[in-house]
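Secondary and tertiary structure notes
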Amino acid sequence: MSTPSPAPRAGVVVAVLSGAGITASLMQALIVPLIPELPTLLHTSAANASWAITATLLAAAVATPVVGRLGDLYGKRRMLLLSLGLLIAGSVVAALADTLVPMLAGRALQGASMGIIPLGISVMRDVLPAERLGASIALMSASLGIGGALGLPAAAAVAQTADWHVLFWGSAALGALVTVLVVFLVPESETRVGGRFDVVGAVGLSAGLVALLLPVSKGGDWGWGSASTLGLFAASVVLLVLWGVWELRTPSPLVDLRATARRQVLVTNLATVMVGLAMFAMMLVPVQLLQLPEETGFGLGLSMVAAGLWLAPTGLVMMFVSPLSARLSAARGPKVSLLAGTLVMAVGYLMAFALTGSAWGVLLFTSVVSAGVALAYAAMPALIMGAVPRSETAVANGLNTLMRSIGTSTSSAVVGVVLAHQTTALVTPAGTVTLPSETGFHTTFAFGAGAALLAALVVLAIPGRGPRTDEASAGPAADRLPAVVADARASGE
């Protein structure tokens, strides 16, 4: 009997891991249709209900770099299965919830599963043939946006036609299916790093991130000049500085800060924050434009389901563009792909000023922005992996994913402030309603375009051309990476 070709096996691994990434990112969109009704559903105030979103954000930020390090130490597939287990458990807890506390617990567990995406990228680097890596990693990286775009209309349809608990039972079933597929179809990586898990570093980083992201998320409710907001920001600075000192002195750090200080890694992570800033403006504004009443003069009056369906093609755009980004990275280097992505995003936001008058126009500019996001997201892992040893792939990608979260969280806060302060009044039979104004939306578009252009300037500071995607990820071990990667590392140190 002839030995089967590895190509089909590789294709199956890519499909399963990408499906796992899309499933994890679905958790972010899952609750969006419920936001206006959450206070009633959970028998609490609007301010308390908003913690259902904040809990997911904080858990994802803490878990991603920690799970990445555990993957490098004890096995990436093992940690991938653990993350999927957290996703299933969180979905079941939320499905059984009718009050705030269990909902927060379930949403936190769902957020802790976001390490699936950097873990999946790292598994791909270790188990796939070099010729399959570029497109595969690009798709896995872009799954963060794909899941959100495809999940919104599905979640809206379920929320409007069935009991809201069905959303979480469905996510639990999807997580269980993906888990079975990973168990039987995804091999474990044999790459390990020596040392022990840095418990002090994990606690310190977690405390610093919570102190940073909590006021970013809740500052609008607490007041940006309040003692709570300013005190937490100050505490985050102190905690993260102390954490950095510890990491530089401990023999087995959670994050190798000397490696992340290499120019290629450092600048790529800075660009990632800016891309996150630019991207999230697109996620917040179009769905509101499509749903605002026509009486405003600029709203399009669609239902949540219809709005979601108009935006769903953006996920397909990302799926189509991500392999094109891989080809561009292979030919010209991932730095070029990242730069192209930031510029395409800026063009999309500038187009938005003239295209908000129809659903087709909204679809067009959001598709252009989504294409830019896919180009950018697909290039980031290649740049990171071209500058770190294979044994640190998972934690390095986890840190890069964390940079995305910091960017999107900050963007959410900024856009929230803009839309809250630039409003218009609409008189209805039930009374006067305050809604975001057209000026507020235009300000948000300008913010998105500016963040994308600033990201492009940051990308220009990445050293050299950057290694090609296939070169950056090939080789059986870190010390046998091709010379082009070694050169890239040297230039970034």
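Residues numbered from 1 in each chain as written. Predicted model: local features only at pLDDT ≥ 70, side-chain atom pairs only at ≥ 80, totals over all residues. Heavy atoms only, no water.

Bringing the packing of aromatic side chains into the picture now. Across all of its chains, the model carries five aromatic pairs by this definition. Here the aromatic rings of Phe298 and Phe441 are separated by 6.0 Å at their centres, their planes lie at 70 degrees, and the arrangement is edge-to-face. Of the two residues, Phe298 is situated in the loop between helix H13 (263-291) and helix H14 (304-311) and Phe441 in helix H19 (residues 438-459); the sequence distance between them amounts to 143 residues. Across the pair, exposure class does not vary: Phe298 and Phe441 are buried alike. With 5.4 Å between their ring centres and 75 degrees between their planes, Phe365 and Phe445 make a pair best called edge-to-face. One end of the pair, Phe365, is in helix H17 (residues 359-385); the other, Phe445, is in helix H19, and 80 residues separate them in sequence. (Phe/Tyr/Trp six-rings, centres within 6.5 Å; stacked < 30°, edge-to-face > 60°. Helix = DSSP H or I, 4+ residues; strand = E, 2+ residues; numbered from the N terminus. Buried < 20%, exposed > 50% of the residue type's maximum accessible area, 1.4 Å probe, protein only.)

Moving on, we get to empty space enclosed by the protein. Any empty space left between the atoms is revealed when a probe the size of a water molecule rolls over them. In this structure the tally under the stated criterion is one cavity of 30 Å³ or more. The space that makes up the largest cavity amounts to roughly 30 Å³. Leu289, Phe298, Thr356, Glu438, Phe441, His442 and Phe445 are the residues that line the largest cavity. The element best represented in the lining of the largest cavity is H19, accounting for four residues. Across the lining of the largest cavity, the residue classes break down as four nonpolar, two polar and one charged. (1 Å grid on protein atoms, 1.4 Å probe; cavity = no way out; pocket = protein on both sides within 12 Å on 5 of 7 lines; lining within 4 Å. Points joined across faces, edges and corners; volume = space filled by probe spheres on them. Nonpolar A, V, L, I, M, F, W, Y, C, P; charged D, E, K, R; others polar.)

What follows is about the packing of helix H7 (residues 116-127) against helix H18 (residues 393-421). For the pair H7 and H18, interaxial distance at closest approach is 8 Å and the crossing angle is 145 degrees. Note that H7 runs across H18; the crossing there is right-handed. Residues Pro118, Leu119, Ile121, Ser122 and Arg125 of H7 form the contact with H18, whose own contacting residues are Thr393, Ala394, Asn397, Gly398 and Thr401. Across the contact of H7 with H18, the residue classes break down as four nonpolar, five polar and one charged. (Axes fitted to C-alpha atoms, helices over the stretch in contact; angles between N-to-C directions. Left-handed = near helix turned anticlockwise from the far one by under 90°. Contact = heavy atoms within 4.5 Å.)

Judged by nonpolar contacts, the single largest core of 128 residues is most densely connected at Phe168 and Leu338. Ranked by the residues each element gives to this core, the list is headed by H13, at 15 residues. Non-local contacts of Phe168, meaning those with residues more than four positions away in its chain, are made with Leu30, Leu34, Ser91, Ala94, Ala95, Met103, Arg107 and Gln110. Residues Val265, Ile384, Val388 and Ala396 belong to the second largest nonpolar core, which totals five residues. (Core = buried A, V, L, I, M, F, W, Y, C linked by side-chain atoms within 4.5 Å.)

These values are about where atoms sit, not about what they do.
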